[in-house]
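What follows is each chain in one-letter form.
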Amino acid sequence: GIQVEQSPPDLILQEGANSTLRCNFSDSVNNLQWFHQNPWGQLINLFYIPSGTKQNGRLSATTVATERYSLLYISSSQTTDSGVYFCAVPNILTGGGNKLTFGTGTQLKVEL
Amino acid sequence: DSGVTQTPKHLITATGQRVTLRCSPRSGDLSVYWYQQSLDQGLQFLIQYYNGEERAKGNILERFSAQQFPDLHSELNLSSLELGDSALYFCASSVDPGQVNYGYTFGSGTRLTVV
């Protein structure tokens, strides 16, 4: 099945700093999602981005499907940005089913 | 609110017991997925239902079972619980991304603690 890797695995930022998280996937995909899992465990959908660039406030994401990677940009980071960031791609399974395959995650901590 | 409703939010139970987790998908979504996230682990796919029928199975133990009802809500049944079953259990829904490009929407999860 498709492999999804994220880097860096851990990141510590000072509040106000910018960062870029990367997601590499091993096969062509027709969509990709970014999620933020907050310290309380909630999984929040950030972007659905099969290709191109999208922006939502201080966050933006770019997917280059032909080169099999996606980037998540966080600008002017805040302590509330702390948590784990996952990218995920769909996997079509035999029998017509499907699932999301999640990346390894980036653990982000934003300090004052 | 994502539109996917999971109950209960927290559950504490003893080893050997059986519990049922419930999920109501987002309005209009026909597919329901269950995922397990153990401590310091990634999200593991358990099972998918589409319009009442099982569509795909992942790493689901034989002690676990699920079903999707005619009103499209789903239940995940966990039996003979072990300490290692303690985890966050997420439900997700989608229209049906098998053929078209729609995203998956996740509920807020059920945190199960087995003591």
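This text follows the structure it describes.
Residues numbered from 1 in each chain as written. Chains lettered and ligands numbered in written order. Predicted model: local features only at pLDDT ≥ 70, side-chain atom pairs only at ≥ 80, totals over all residues. Heavy atoms only, no water.

Trainee: Please provide a residue-by-residue account of the interface of chain A and chain B, values included.
Mentor: With 21 residues of chain A in contact, the opposing surface of chain B contributes 20 residues. Here chain A and chain B share an interface that buries about 1700 Å² over both sides, 54% of which is from carbon and sulfur atoms. In this structure, the connection of chain A to chain B is made through zero salt bridges. Applying the counting criterion to the chain A and chain B interface returns seven residue pairs in polar contact (both at pLDDT 80 or more). Those elements that provide at least two residues to the side of chain A that touches chain B are strand S4 (33-37), strand S5 (43-48), strand S9 (83-92) and strand S10 (98-102) of chain A. Ranked by residues supplied to the side of chain A that touches chain B, first place goes to S10 of chain A with four residues. Here the residues of the side of chain A that touches chain B are counted per class, giving 10 nonpolar, 10 polar and one charged. (Contact = heavy atoms within 4.5 Å. Buried area = accessible area lost by both parts, 1.4 Å probe. Salt bridge = Lys/Arg side-chain N within 4 Å of Asp/Glu carboxyl O. Polar contact = N/O pair within 3.5 Å; in protein donor to acceptor, adjacent residues only side chain to side chain. Helix = DSSP H or I, 4+ residues; strand = E, 2+ residues; numbered from the N terminus. Nonpolar A, V, L, I, M, F, W, Y, C, P; charged D, E, K, R; others polar.)

Trainee: I'd like a description of the side chain of His 36 of chain A, backed by residues and values.
Mentor: Turning to its location among the elements, His 36 of chain A is positioned in strand S4. Ignoring anything within four residues of it in the chain, the contact list for His 36 of chain A reads Gln 42, Leu 43, Ile 44, Leu 46, Thr 80, Asp 81, Ser 82, Gly 83, Val 84 and Tyr 85 of chain A.

Trainee: So, the sheet that holds strand S7 (residues 64-68) of chain B: which residues are in play, and what are the values?
Mentor: All names here are of chain B. As summarised here, the arrangement of the four strands in space is S1-S3-S8-S7, forming an open sheet in which the pairing is antiparallel. Strands with a single pairing partner mark the edges of an open sheet, and in this sheet they are strand S1 (5-7) and S7. The sheet shows a mean angle of 15° between the axes of neighbouring strands, direction not considered. By the bridge criterion, five bridges tie S7 to strand S8 (residues 74-78) in an arrangement that is antiparallel. In the strand pairing of S8, Gln 67 is matched with Glu 75. (Pairing = 2+ DSSP bridges. Axes fitted to C-alpha atoms, helices over the stretch in contact; angles between N-to-C directions.)

Trainee: Explain the state of the cysteines residue by residue, including any values.
Mentor: Taken as a whole, this structure holds two disulfides over all chains when the rule is applied. At a sulfur-sulfur separation of 2.1 Å, the disulfide partner of Cys 23 of chain A is Cys 87 of chain A. Taking the torsion about the sulfur-sulfur bond, which here is approximately 80°, the covalent link between Cys 23 of chain A and Cys 87 of chain A counts as right-handed. Taken together, the positions of Cys 23 of chain A in strand S3 (residues 19-25) and Cys 87 of chain A in strand S9 put the pair 64 residues apart, joining distant regions of the chain. Like Cys 87 of chain A, Cys 23 of chain A is buried. Each disulfide pairs two cysteine sulfurs, and for Cys 23 of chain B the partner residue is Cys 91 of chain B, the sulfurs being separated by 1.8 Å. A torsion of -55° about the S-S bond marks the disulfide between Cys 23 of chain B and Cys 91 of chain B as left-handed. You can see Cys 23 of chain B sitting in strand S3 (residues 19-24) and its partner Cys 91 of chain B sitting in strand S9 (residues 87-94), a full 68 residues away along the chain. Accessibility expressed as a relative area gives 0% for Cys 91 of chain B, which makes it buried. (Disulfide = S-S within 2.5 Å. Buried < 20%, exposed > 50% of the residue type's maximum accessible area, 1.4 Å probe, protein only.)

Trainee: For the pattern of salt bridges, give the residues involved together with the corresponding values.
Mentor: In total, this model carries six salt bridges over all chains according to the counting rule given. One network of salt bridges, with partners in common, ties together Arg 63, Glu 82 and Asp 85 of chain B.

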